[in-house]
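# Residue-level structural notes
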Amino acid sequence: MSHYHVIQLKHLGAGSLIEDLQALRTQFDSNTTGAALVGIFTGLFGLASDECLLITKQATLTSDTVMQGFEVVQAHHFSATVRPTQTQSFDQAGLYVFRFWTLPGNQVDQLIALSERAWETFEGDFDTEVKALFRQSTPAVQETALLITWYKNFAAWEASRQPDPAAADFFRQRQSLIDQAFPIATRRLS
C-alpha cells in the first residue's frame, strides 16, 4: 500500500506565487526533499488565490522541507486504494478536480467499490481519467477520502455530469455514503 501526503500551502512570500512554486518544484526535482513529487496544483475555484495543493509520495515534510515562503494550511496523510497503482506524476494539461469527502469509516470500502464500478464506463465516455482515490492512512469512525479526477477541460467536466445510466446509479449510491463533500478545481503547475 502506498502512502501519500496532500498538503494545502499558503504563499507568504513577497514575490510571485508561480516563481516560488517553480523553486519548490526544483527542490523536489533535485531530490533534496527525499519525497517523490506527484504534482503541484494552483486553484481555479475552491482555493484562495495565494494557495496551492502539493502531492507527494512517502515523505514527511518538516517545516525545513516545506519551503521558504509557504505555510501549511492543512495536511492529509492518505493511503492509495485502487488508484494510483504506481507512483506517477500528474502531468497532463487540463483540469484536476480534488473531491475531499467525509464519511463513516465503515463505509469507505463500499465507496471504493462503487467508484470502481462506475469508472468502467465513465472514463471511456469522456475526456477524463480518475487519477487517485485515497483514504486517510489511519482508520477512524469518521474518515476523509479524496478523489482526484483529470478532465481535458471544463467542457469535458460539464459533459461528464451526464454519465451513462449505470455509472450514474453507482455515483448516486456512492453519494448516499458521503456526509460532506468539498470539491476544488485546479490546474497543475506547468
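Structural data are supplied above this passage.
Notes on the structure in this doc start here.

Cut-offs applied
- Residues numbered from 1 in each chain as written.
- Predicted model: local features only at pLDDT ≥ 70, side-chain atom pairs only at ≥ 80, totals over all residues.
- Heavy atoms only, no water.
- Helix = DSSP H or I, 4+ residues; strand = E, 2+ residues; numbered from the N terminus.
- Buried < 20%, exposed > 50% of the residue type's maximum accessible area, 1.4 Å probe, protein only.
- Contact = heavy atoms within 4.5 Å.
- Pairing = 2+ DSSP bridges.
- Salt bridge = Lys/Arg side-chain N within 4 Å of Asp/Glu carboxyl O.
- Phe/Tyr/Trp six-rings, centres within 6.5 Å; stacked < 30°, edge-to-face > 60°.
- Expected span 1.5 Å × (residues − 1).
- Arc of directions from axis to C-beta.
- Polar contact = N/O pair within 3.5 Å; in protein donor to acceptor, adjacent residues only side chain to side chain.

### Quick notes on the environment of Gln-142
Within the secondary structure layout, Gln-142 lies in strand β7 (residues 142-151). Gln-142 sits in the partly exposed class, given a relative accessible area of 38%. For the pair formed by Gln-142 and Ser-115, sequence separation is 27 residues and the distance between their alpha carbons is 19 Å. Setting aside chain neighbours within four positions, we find Gln-142 in contact with Thr-102, Leu-103, Pro-104, Gly-105, Gln-136 and Asp-179.

### Describing the pairing of strand β3 (residues 51-57)
Counted residue by residue, β3 has 7 buried out of 7 residues, so it is predominantly covered. Across 7 bridges, strand β1 (residues 3-11) lies against β3 in antiparallel orientation. Of the residues in β3, the one forming a bridge with Lys-10 is Glu-51. Sheet analysis places strand β2 (residues 36-45) next to β3, joined by 6 bridges and oriented antiparallel. By the bridge assignment for β3, Ile-40 is matched with Leu-54.

### A word on the pattern of salt bridges
What the rule picks out here adds up to 6 salt bridges. Taking the shortest distance from any N to any O, the salt bridge between Glu-123 and Arg-83 comes out at 2.6 Å. Of this pair, Glu-123 sits in helix α2 (residues 108-125) while Arg-83 sits in strand β4 (residues 70-83), and the two are 40 residues apart along the sequence. A salt bridge links Asp-169 to Arg-172; the nearest nitrogen and oxygen atoms lie 4.0 Å apart. With a gap of 3 residues between them, Asp-169 and Arg-172 both fall in helix α4 (residues 165-177), about one helical turn apart. Taking the relative accessible area as the measure of exposure, Asp-169 reaches 34% and is therefore partly exposed. Salt bridges here are not isolated pairs; linked through shared partners, they connect Asp-109, Arg-135 and Glu-143.

### Observations regarding the packing of aromatic side chains
Enumeration according to the criterion identifies 8 aromatic pairs in this entry. Ring centres 6.4 Å apart and planes at 25° place the aromatic pair Phe-45 and Phe-154 in the stacked group. In this pair, Phe-45 sits in strand β2 while Phe-154 sits in helix α3 (residues 154-159), placing the two residues 109 residues apart along the sequence. Owing to a relative accessible area of 41%, Phe-45 belongs among the partly exposed residues under this scheme. Among the residues examined, Phe-154 registers a relative accessible area of 34% and is labelled partly exposed. Taken together, the ring pairs in this structure connect Phe-41, Phe-90, Tyr-96 and Phe-98 into an aromatic cluster.

### Some points on helix α1 (residues 17-29)
For α1, which comprises 13 residues, the first-to-last C-alpha distance of 18 Å matches the rise-based estimate of 18 Å (1.5 Å per residue) to within 8%. Taken together, the buried positions of α1 are Leu-17, Leu-21, Leu-24 and Phe-28. Axial view of α1: buried residues confined to an arc of 55°, hence all on one face. Among the exposed residues of α1, those oriented more than 90 degrees off its buried face are Glu-19 and Asp-29. In this structure, the buried side of α1 is in contact with β1, β2, β3 and β4. Its side-chain oxygen 3.2 Å from the backbone nitrogen of Ile-18, Ser-16 forms the N-cap of α1.

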